[in-house]
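# What the coordinates show
Next come the chains, spelled out residue by residue.
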Amino acid sequence: MEVPASQTDHLKSWLEMRVERKLEIPDLSSSGLHFAGARLVVLERMPVAALMYTRDTGLPVALCIMLKQGTPIGVRLDRRGPIQLASWEDGSHAYIVV
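### Some points on the packing of aromatic side chains
For the structure on display, the rule yields 2 aromatic pairs. Consider the rings of Trp88 and Tyr95, whose centres lie 5.4 Å apart with planes at 15°: the pair is stacked.

Pasting the structure below:
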């Protein structure tokens, strides 16, 4: 299910229940990123909140958050073809910026 940016309040509460975390939708417009909406996806059988941003030029950017208990892990950078990823874990959730 995809929810447009115009329904931010509904979007936040719906996704917060699924990833068990309070969400803030960052305003990244000063960096040229425009919030476009969000969707719920599944990774490793777990719900993932994907906040999507567009920009005037270049590929879109997604901030993904999922419940993941474990040991905190610092930022890892990875490249898969033209796609760059940054990921980290805080002990309760995993985060990926694509």
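### Comments concerning a nonpolar patch on the surface
Where nonpolar side chains cluster on the molecular surface, the patch consists of Leu59, Ile83 and Val98 and spans about 210 Å² of accessible area. Following the sequence through the fold, Val98 ends up in the segment after β7 (93-97).

### Considering the pattern of salt bridges
Overall, the coordinates contain 4 salt bridges when judged by the stated rule. For Glu24, the salt bridge is made with Lys12, and the minimal N-O distance between the two is 3.9 Å. Taken together, the residues span a long stretch of sequence, with Glu24 in the loop between α1 (8-19) and β2 (33-43) and Lys12 in helix α1 at a distance of 12 residues. For Lys12, a relative accessible area of 19% gives the class buried. Among the salt bridges present, the one from Glu24 reaches Lys22, with a minimum N-O distance of 3.4 Å. Taking the relative accessible area as the measure of exposure, Glu24 reaches 52% and is therefore exposed. You can call Lys22 exposed: its relative accessible area is 57%. What you see here is one network of salt bridges that share partners, running through Lys12, Lys22 and Glu24.

### So, unusual backbone geometry
Despite not being glycine, Glu20 has its phi angle at roughly 55°, a positive value. With respect to the secondary-structure elements, Glu20 resides in the loop between α1 and β2. In the Ramachandran plot, Arg45 falls in the positive-phi region, its phi being about 65° despite a non-glycine side chain. Its location among the elements puts Arg45 in the loop between β2 and β3 (46-55). Looking at Arg45, the relative accessible area reads 82%, which means it is exposed.

Rules used throughout
- Residues numbered from 1 in each chain as written.
- Predicted model: local features only at pLDDT ≥ 70, side-chain atom pairs only at ≥ 80, totals over all residues.
- Heavy atoms only, no water.
- Phe/Tyr/Trp six-rings, centres within 6.5 Å; stacked < 30°, edge-to-face > 60°.
- Patch = residues over 30% accessible without salt bridge, like charges linked within 9 Å, V, L, I, M, F, W, Y side chains within 5 Å.
- Areas by Shrake-Rupley, 256 points an atom, 1.4 Å probe, with all protein chains shown as cover.
- Salt bridge = Lys/Arg side-chain N within 4 Å of Asp/Glu carboxyl O.
- Helix = DSSP H or I, 4+ residues; strand = E, 2+ residues; numbered from the N terminus.
- Buried < 20%, exposed > 50% of the residue type's maximum accessible area, 1.4 Å probe, protein only.

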